Amino acid sequence: MTGGARITLDMFLKWCQAARQNDLCQYHEGVVGRDRVNDPTLDEIADIAHLLSQTRYLRLSQMRVPGLTDDRCYLAIRTGTGFAPIAVLTGEMKARHHMALNVLAHREPSLSAARALRAGLGIQEVIAQGIIRDLNSAGLLEEAPSRGWNVTDKARRLMRAA
C-alpha cells in the first residue's frame, strides 16, 4: 500500500496482518508529531507503528517531501521477523495500552504504577493517572489491596504475541 491517500486505522491494521517481508506502507505525509495532536486516527496508527517497530515486526522510515516544507513521508516496512501482539493487530487493544501494560507487568515491586509509567513511557503524572483509569475501566488493571495495581489475567491474554 503506497501513495498519498489518507490511510484509515482499519486499512493499516489489515496491511500489518497481511504484509510480507519488505512490503511497504505509507501511513502519513506531513509531520507526525504535529499532525497526530488533532487526529486521533493518526495518533493510534503512529502508536501502533512505534510498538511494532519496538518488537521488530516493522521497520520505520521517513523521507523528506520535496519543496519548501517540513513535511515527511512516513513509511512502515514489514521486516519478516519480530512479533506483533494479536490484540493490537486485531484492534482489540490500543497500542498505547499494550505498552503501558508491558511496563506495569515488568515493574519493580517497589515502584507505584504511576511512577513506573512515568519512567517507562516518559510521560507526566496526569497522563499516567489517566492511563491507569482507562486500563482499570477496561478490566485490564485492578486495584490490589496494599499493593497498588495489578495487571489482570484478561490483560495478560490480550498481550500475547502472534
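Report on the accompanying structure. (Residues numbered from 1 in each chain as written. Predicted model: local features only at pLDDT ≥ 70, side-chain atom pairs only at ≥ 80, totals over all residues. Heavy atoms only, no water.)

1. Concerning the overall build of the chain
Spelled out, the test is: The way it works is that DSSP assigns letters per residue, a run of H or I at least four long becomes a helix, a run of E at least two long becomes a strand, and they are numbered from the N terminus. The quantity called the radius of gyration is restricted to C-alpha atoms. Its globule counterpart is 2.2 Å times the number of residues to the power 0.38. For every residue, the accessible area (1.4 Å probe, protein chains only) is compared with the maximum for its type, and the residue is labelled buried under 20%, exposed over 50%, or partly exposed between those bounds. Any two residues having at least one pair of non-hydrogen atoms within 4.5 Å are treated as being in contact. Residue-level accessible areas treat just the shown protein chains as cover; the underlying method is Shrake-Rupley with a 1.4 Å probe.
If you tally the helices and strands in the chain, you get eight helices and five strands. Taken from N to C terminus, the helices and strands of the chain fall in the order α-β-α-α-β-β-α-α-α-α-β-β-α. For 162 residues, the compact-globule estimate of 2.2 N^0.38 gives 15 Å, and the chain sits close to it at 17 Å. Each principal axis of the C-alpha distribution contributes one length, and for the chain these read about 55 × 35 × 25 Å. For the chain, buried positions account for 41% of its 162 residues. Taking as baseline every contact in the chain between residues at least 6 positions apart, the subset at least 24 positions apart corresponds to 53%. Carbon and sulfur atoms make up 49% of the accessible area of the chain, which totals about 9300 Å².

2. Focus on the nonpolar core
We count it as follows: Nonpolar cores were defined as sets of buried Ala, Val, Leu, Ile, Met, Phe, Trp, Tyr and Cys residues, with membership established by side-chain atoms within 4.5 Å.
Residues F12, W15, C16, Y27, L52 and L58 are the most contacted members of the largest nonpolar core, which totals 24 residues. Listing elements by their share of this core, those giving two or more residues are α1 (9-18), β1 (24-30), α3 (40-54), β3 (72-78), α4 (86-89) and α5 (95-105). The element that contributes the greatest number of residues to this core is α3, accounting for six residues. When residues no more than four places from it in sequence are discounted, the contact partners of L52 are C16, Y57, L58, F83, A84, P85 and L89. If you look at the next biggest cluster of nonpolar residues, it comprises 21 residues, including L101, A113, L117 and I132.

3. Brief notes about the packing of aromatic side chains
Ring pairs (aromatic) are described by centroid distance and by the angle formed between their planes. Here is the rule: Stacked, edge-to-face and tilted labels apply to pairs of Phe, Tyr and Trp rings (six-membered ring for Trp) whose centres lie within 6.5 Å, assigned for plane angles under 30 degrees, over 60, and everything in between, in that order. Our definition puts a charge over a ring when NZ of Lys or CZ of Arg is within 6 Å of the ring centre and also within 35 degrees of the ring normal.
Going through the model one piece at a time under the given rule, you end up with three aromatic pairs. Geometrically, the ring pair formed by F12 and W15 is stacked, given 6.2 Å between the ring centres and 20 degrees between the ring planes. Here F12 pairs with W15, and both are found in helix α1, just three residues apart, close to one helical turn. The class for F12 is buried, based on a relative accessible area of 0%. With centroids separated by 6.2 Å and ring planes inclined at 45 degrees, the aromatic side chains of Y27 and Y74 adopt a geometry described as tilted. Here Y74 lies in strand β3 and Y27 lies in strand β1, a separation of 47 residues in the sequence. Neither residue differs from the other here; Y27 and Y74 are each classed as buried. A network of ring pairs unites the aromatic residues F12, W15, Y27 and Y74 as a single cluster. The side chain of R78 reaches across the aromatic face of Y57, ending 3.6 Å from its centre.

4. Some remarks on the packing of α5 against helix α7 (residues 125-137)
Put simply, the rule is: Orientation is described by lines fitted to C-alpha atoms, with helices fitted over the stretch in contact, and by angles between N-to-C directions that extend from 0 to 180 degrees. Any angle that falls under 35 degrees is termed roughly parallel, while one over 145 is termed roughly antiparallel, one within 65 to 115 roughly perpendicular, and all others oblique. For this scheme, ten residues count as nonpolar: Ala, Val, Leu, Ile, Met, Phe, Trp, Tyr, Cys and Pro. Four count as charged, namely Asp, Glu, Lys and Arg, and the remainder, Gly too, count as polar.
One way to put it is that α5 packs onto α7 with a least axis distance of 11 Å and a crossing angle of 95 degrees. Compared by their axis directions, α5 and α7 come out roughly perpendicular. Where α5 approaches α7, its residues H97, A100, L101 and L104 are matched on the opposing element by I131, D134 and L135. Of the residues contributing to the contact of α5 with α7, the split by class is five nonpolar, one polar and one charged.

5. Looking at the sheet that holds β3
Operational definition: Strand pairing requires that DSSP identify at least two bridges connecting the strands.
Taken in spatial order, the three strands of this open sheet run β1-β3-β2, and their pairing is antiparallel. Each edge of the open sheet is held by one strand with a lone partner, namely β1 and β2 (58-64). Strand-to-strand twist across the sheet, computed as the mean angle between neighbouring axes with direction ignored, equals 20 degrees. Sitting on the sheet, α3 is in contact with β1 and β2, with an inclination near 125 degrees to β2.

6. Thoughts on the pattern of salt bridges
Should their charged atoms come close, side chains of opposite charge can pair. Which entries qualify depends on this criterion: Salt bridge, as applied in this entry: a Lys or Arg side-chain nitrogen positioned within 4 Å of an Asp or Glu carboxyl oxygen.
Inspection of every chain in the model, using the stated rule, returns nine salt bridges. Two residues, R36 and D47, come together in a salt bridge whose shortest N-O distance is 2.6 Å. Placement of the pair is R36 in the loop between α2 (32-35) and α3 and D47 in helix α3, with a sequence separation of 11 residues. The partly exposed category is assigned to R36, whose relative accessible area is 22%. One network of salt bridges, with partners in common, ties together R36, D43, D47 and R96.

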